[in-house]
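If you want the building blocks of each chain, they are given just below.
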Amino acid sequence: MQLAVWTYEGPPHVGAMRVATAMEKLHYVLHAPQGDTYADLLFTMIERRGKRPPVTYTTFEARDLGKDTAQIFQDAAREAVARFKPQAIIVGASCTAELIQDDPAGLSEAMNLPCPVIPLELPSYQRKENWGASETFYQIVRNLADKTLVREPREGRKARVNILGPTALGFRHRDDLVEIRKILALLDIEVNLVAPLGATPEDIARIGAADFNIVLYPEIGDEAARWLERTFAQPAVRTVPIGVGATRSFIADVAELAGADPTPALGDTSSRMPWWSRSVDSTYLTSKRVFIFGDATHAVAAARIAREELGFEVCGLGCYSREFAREVRAEAARCGVEPLITDDHLAVEDAIAAAAPELVLGTQMERHIAKRLGIPCAVISAPVHVQDFPARHSPQMGFEGANVIFDTWVHPLVMGLEEHLLTMFREDFEFSDEAGASHHAAHSPRKATVAPVREPEMAGAAFAPAPAIEAAPAGDDSLMWTAEAERELKKIPFFVRGKAKRNTENFATAEGRRQIDLETLYDAKAHYAR
Amino acid sequence: MSPIATLDGCAAELARSDRPAAETQRPVLRERGQREVFCGLTGIIWLHRKMQDAFFLVVGSRTCAHLLQSAAGVMIFAEPRFATAIMEERDLAGMVDAQDELDRVVNRLLERRPDIRTLFLVGSCPSEVIKLDLAKAAQRLGAVHMPRVRILNYSGSGIETTFTQGEDACLAALVPVMPTLSADAPKELLIVGSLPDIVEDQFLRLFGELGIDRVGVLPARNARDLPSVGANTRYLLAQPFLGETAMALEGRGARRIDAMFPFGAEGTSDWLRAAAREFGIDAAHVEAVLAAPRARAHRALANLRPQLEGKRITFLPDSQLEVPLARFLQDELGMELIEVGTPYLHRAHLARELDRIGPQVRLSEGQHVERQLDRVRTDRPDITVCGLGLANPLENEGLTTKWAIELVFSPIHGFDQAADLAELFARPLRRRDMLEI
């Protein structure tokens, strides 16, 4: 048993729902008790979908157990097929139905339904949401792809590509896709199919017609891509175009497989991020310490952008998906940090507090952690929140995605010039600590003496109960600051004061000094000078 | 034409009903099919806020944890007073003893959270299916941790409980540990059902003014300060979904005061009057006490009546609050009830409410969500009360909705919340009329 307060990923059948909901004319018959229907609200509330997910739940009850749950499943499947007339259905069990072993696969096979039935085996007690999405997409492709299809000769036609991976409830999948299509149009490449998002089962049948695949989200598309590689000899582009450098590599890789000239796409004049980063006002970004946590793909991409495109220093890197830990370990080695592979958000919180970063790039969970710690934060990865579905176009991929990332990451920081002004005028009453950054108050740090307040906030789904103030963890009070040193500390601008205090205390502890006086403060400053 | 006669399969459902004739005086459409409702675990979200010394440990799957965080937006609290012990392959395959694992998890939890005084082990669908005996676990762990921590158990599983029934199961688990009210003690009033503190305080003030001073509340704000119960307890249900709790209280000698539920000026008056009658309070005094707050509620409701009068409303089954809320909207705001769906109809507790609802109103129990949505599309009510999974899809079809869950989380009981309750229904309609996009 694992004690969990909060989870980064849902159960695997929620992954299957993300695939089913992304597709058209596919229906999911899910053997599950009542209550599991909560998952619908992820799509209708967080993503604001105007349609119910195409899922029929059997919603069996205790009194049905050992009697007719199998019959309930068959009735539900028959009714769903008659009502929704899908081109294909996927069938499976949620965690509870897995235990009663009704075998939805066998049951539906015996029914002679008028459409293809794809059985899913998603072990709820071993696996999680992303694996469930990946496995579901793989099974759909494997079952529905027309294996007799022979690709047309390449001569005299445009190169054709499949884009694999975007789903419902994905982090910016909708907008990323627009950017990828833009690049492919510039390279004069035809999109054979986007899947799962927007694809019908009949579309999947002709997946073999493409010359190659683009694996946009490896967590979801890679398993299917490997099967397509074997079955149709379709090579795959696995470069994830998040960041300017990665977008350039992506364009080069795609162009090479398509035999196209990459120049038109590489010359995209809307790529502003490189200049925004080189311009002098961005100097203050140099070596800002960032802590990065998310799904593997987004975390690794963020680390690379942080290092190479913004001049940040990565002081922590991790992901919650064990399946892709290898990529994160490799990137962590390049950053010179220990990788953090865990799905325990309390461990992530501890790691962030210990690393004392100046910016956190994470999921919604890290956003909350950062808020409690008074550290600026930007969200880079699922699990998603209603705020991750903005009305405006807001991609992560392509050159426009890099523009968006520049704004999103830099915006929470106190701006460079403002940093200097605050230092220069810190004795001025109008520049009091409480004023914080002028452009928005959301990230102004709390006064050091105030216990962190755990504020409730809408998770997008539902409602927030009454505010709760939980007890603040007791601090380390074995260290004593002299009045003089404390006064000096107050002269340090507030946005670096917390770090200065922590550094000084760490230094004092390491040095075995119980009392922190002016001397210790400046010794520590010298020690941490970079 | 009877609304039921027009519906496919409904007559057959009625004919199959095995309830005694006396109970089927008014037609109730009983349906069986996909139910689009939360399970009883969801109750933890308000119960853990109400009982501030209690912790709720769900023994379940990743789905249970995901439900709680999705429904509650729980990412909010780093350490809320609930958590899930997620069962894994090892627990199911018998590689480890699930009871030992539970001991380990509970001991660790109690070590880390010394502020916990009551721990609820909450059963889920998977723990029920594998027959993990949480009563035994509670007993065993209680023996170790009492008196510091009292350990209780109940089931919030979706195979046994629907949404608010989770609170019913939780409160029913508290009844056996309530202190005994001695046989010669004077008569005491017990209010049953969790209410927001502000509403609870309003009611306590009113009971005080009425002259009823011995008043207990279940659940108490501290789960360790439970009120007493015995043959001289007269209990008043504040919520319509507490069938099990009521039975447990009766089992300890308490007797229910029959009343309407305290929604709206009339429901609240009836509820307070019923208690006053039971405690022999002079009727003239009762009316004198009620007059001012009641008039205030009427004044506030009068502002909202023009917005709601004549509007047609359908309730999809959700919290079991549907029948009393429908009565309030019909009687005090002049709304027209089209369908009132409820997951479970407790005829005895709702008898006085049902008396007010005319035979032309389609009353349905249970759910077949697809057929029910077909009826909504045919009826086209002005407003449909439904769950979060259905609201945006219905809005997208041009049907105005009200999230049912807000009715469970907002203070809606009593005189001074009557207009707030009406406003919850008026706002979506007003918004629909305001928007020009």
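Source: prediction; values computed, not measured.

Conventions we followed
- Residues numbered from 1 in each chain as written.
- Chains lettered and ligands numbered in written order.
- Predicted model: local features only at pLDDT ≥ 70, side-chain atom pairs only at ≥ 80, totals over all residues.
- Helix = DSSP H or I, 4+ residues; strand = E, 2+ residues; numbered from the N terminus.
- Buried ≥ 20, exposed ≤ 12 C-beta atoms within 10 Å, placed from the backbone.
- Contact = placed C-beta atoms within 7 Å.
- Nonpolar A, V, L, I, M, F, W, Y, C, P; charged D, E, K, R; others polar.
- Pairing = 2+ DSSP bridges.
- Axes fitted to C-alpha atoms, helices over the stretch in contact; angles between N-to-C directions.
- Expected span 1.5 Å × (residues − 1).
- Parallel < 35°, antiparallel > 145°, perpendicular 65-115°, else oblique.
- Left-handed = near helix turned anticlockwise from the far one by under 90°.
- Core = buried A, V, L, I, M, F, W, Y, C linked by C-beta atoms within 7 Å.
- Domains from an automatic or database assignment.

Here we look at the overall build of chain A
Part 1: The helix and strand tally for chain A stands at 21 helices and 16 strands.
Part 2: Counting the 530 residues in chain A, one finds 50% classified as buried.
Part 3: Look at the contacts in chain A between residues 6 or more apart in sequence, and 70% of them connect residues 24 or more apart.

Focus: the interface of chain B and chain A
Part 1: Facing 61 residues of chain B, the contacting portion of chain A comprises 61 residues.
Part 2: Those elements giving two or more residues to the side of chain B that touches chain A turn out to be helix H2 (44–50), helix H3 (62–72), strand E3 (82–86), helix H4 (89–92), helix H5 (98–112), helix H6 (125–129), helix H16 (388–396) and helix H17 (405–409) of chain B.
Part 3: Looking at the side of chain B that touches chain A, the element that brings in the most residues is H3 of chain B, giving nine residues.
Part 4: Across the side of chain B that touches chain A, the residue classes tally to 34 nonpolar, 13 polar and 14 charged.
Part 5: The pairing of strand E1 (residues 2–4) of chain A with E3 of chain B spans three bridges and is antiparallel. Within E3 of chain B, the residue paired with leucine 3 of chain A across the bridge is alanine 85 of chain B.

Side note on the sheet that holds strand E11 (residues 313–319) of chain A
Residue and element names in this part refer to chain A.
Part 1: Pairing is parallel across the open sheet formed by five strands, whose spatial order is E12-E11-E10-E13-E14. Either end of the sheet is taken by a strand with one partner, and the two such strands are strand E12 (339–341) and strand E14 (377–379). With strand direction ignored, the average angle separating the axes of adjacent strands in the sheet is 15°.
Part 2: Summarising the sheet, strand E10 (residues 289–294) and strand E13 (residues 359–362) pair through three bridges and their orientation is parallel. Bridge pairing in E13 places isoleucine 292 opposite leucine 361.
Part 3: On the sheet, helix H13 (residues 296–309) packs against E10, E11 and E13 and is oriented at approximately 165° with respect to E10.

Here's the deal with the pairing of strand E8 (residues 212–215) of chain A
Residues and elements named next belong to chain A.
Part 1: Residue alternation in E8 divides its side chains into two sets, Phe212 and Ile214 and Asn213 and Val215, and both sets are buried.
Part 2: As judged from the two bridges shared by E8 and strand E9 (residues 236–237), these two strands associate in the parallel manner. Considered in E9, the bridge of isoleucine 214 is made with valine 237.

A short note on the sheet that holds strand E6 (residues 188–192) of chain B
Residues and elements named next belong to chain B.
Part 1: Taking strand neighbours across the sheet as the criterion, the four strands line up as E7-E6-E8-E9 in an open arrangement whose pairing is parallel. Two strands close off the open sheet at either side, each with one partner strand: strand E7 (215–218) and strand E9 (255–256).
Part 2: Pairing between strand E8 (residues 233–237) and E9: two bridges, direction parallel. Along E9, the bridge assignment pairs arginine 234 with arginine 255.

With respect to the pairing of E3 of chain B
Residues and elements named next belong to chain B.
Part 1: Of all five residues in E3, five are buried; the element is thus mostly enclosed.
Part 2: Burial along E3 is two-sided: Phe82, Thr84 and Ile86 and Ala83 and Ala85, pointing in opposite directions, are all buried.
Part 3: Summarising the sheet, strand E2 (residues 54–60) and E3 pair through five bridges and their orientation is parallel. For glycine 60, the partnering residue across the bridge sits in E3 and is isoleucine 86.

Digging into unusual backbone geometry
Part 1: With an omega of 0°, the peptide bond running from alanine 195 of chain A to proline 196 of chain A counts as cis.
Part 2: Counting through the fold element by element, proline 196 of chain A comes out in the loop between strand E7 (190–195) and helix H8 (201–205).
Part 3: Residue leucine 218 of chain B is joined to proline 219 of chain B through a cis peptide bond whose omega torsion reads 0°.
Part 4: Along the chain, proline 219 of chain B turns up in the loop between E7 and E8.

Describing helix H17 (residues 398–410) of chain A
All names here are of chain A.
Part 1: The first and last C-alpha atoms of H17 sit 18 Å apart over 13 residues, in line with the 18 Å expected at 1.5 Å per residue.
Part 2: Where burial is concerned, most of H17 is hidden: 10 out of the 13 residues are buried.
Part 3: Buried within H17 we find Gly398, Phe399, Glu400, Gly401, Ala402, Val404, Ile405, Phe406, Trp409 and Val410.
Part 4: In this structure, the buried residues of H17 make contact with helix H7 (173–186), helix H10 (244–258), helix H12 (273–278), H13, E13 and E14.

Looking at the packing of helix H12 (residues 283–308) of chain B against helix H18 (residues 418–434) of chain B
Residues and elements named next belong to chain B.
Part 1: Direction vectors running N to C along H12 and H18 enclose 15°, while the axes themselves pass 9 Å from each other. Taken as axis vectors, H12 and H18 run roughly parallel relative to one another. Note on packing geometry: the crossing formed by H12 with H18 is left-handed. Across from Ala297, Ala300, Leu301, Leu304, Gln307 and Leu308 in H12, the residues of H18 making contact are Ala418, Ala419, Ala422, Glu423, Phe425, Ala426, Leu429 and Arg430.
Part 2: Per-class residue counts for the contact of H12 with H18 are 11 nonpolar, one polar and two charged.

Re the nonpolar core
Nonpolar side chains in soluble globular proteins generally cluster together in the buried interior.
Part 1: Counting 280 residues, the largest nonpolar core has Ile292 of chain A together with Leu57 of chain B as the members making the most contacts within it.
Part 2: At eight residues, the largest contribution of residues to this core is made by H13 of chain A.
Part 3: Those residues in contact with isoleucine 292 of chain A, other than ones at most four positions away along the chain, are Ala299, Ala302, Ala303, Ala306, Val314, Gly316, Leu317 and Leu361 of chain A.

Overview of the domain arrangement of chain B
Residues and elements named next belong to chain B.
Part 1: Domain boundaries in chain B define domain 1 (39–161), domain 2 (188–286) and domain 3 (302–436).
Part 2: Tallying the contact residues gives 10 residues for domain 1 and six residues for domain 2.
Part 3: Ranked by residues supplied to the side of domain 1 that touches domain 2, first place goes to H2 with three residues.

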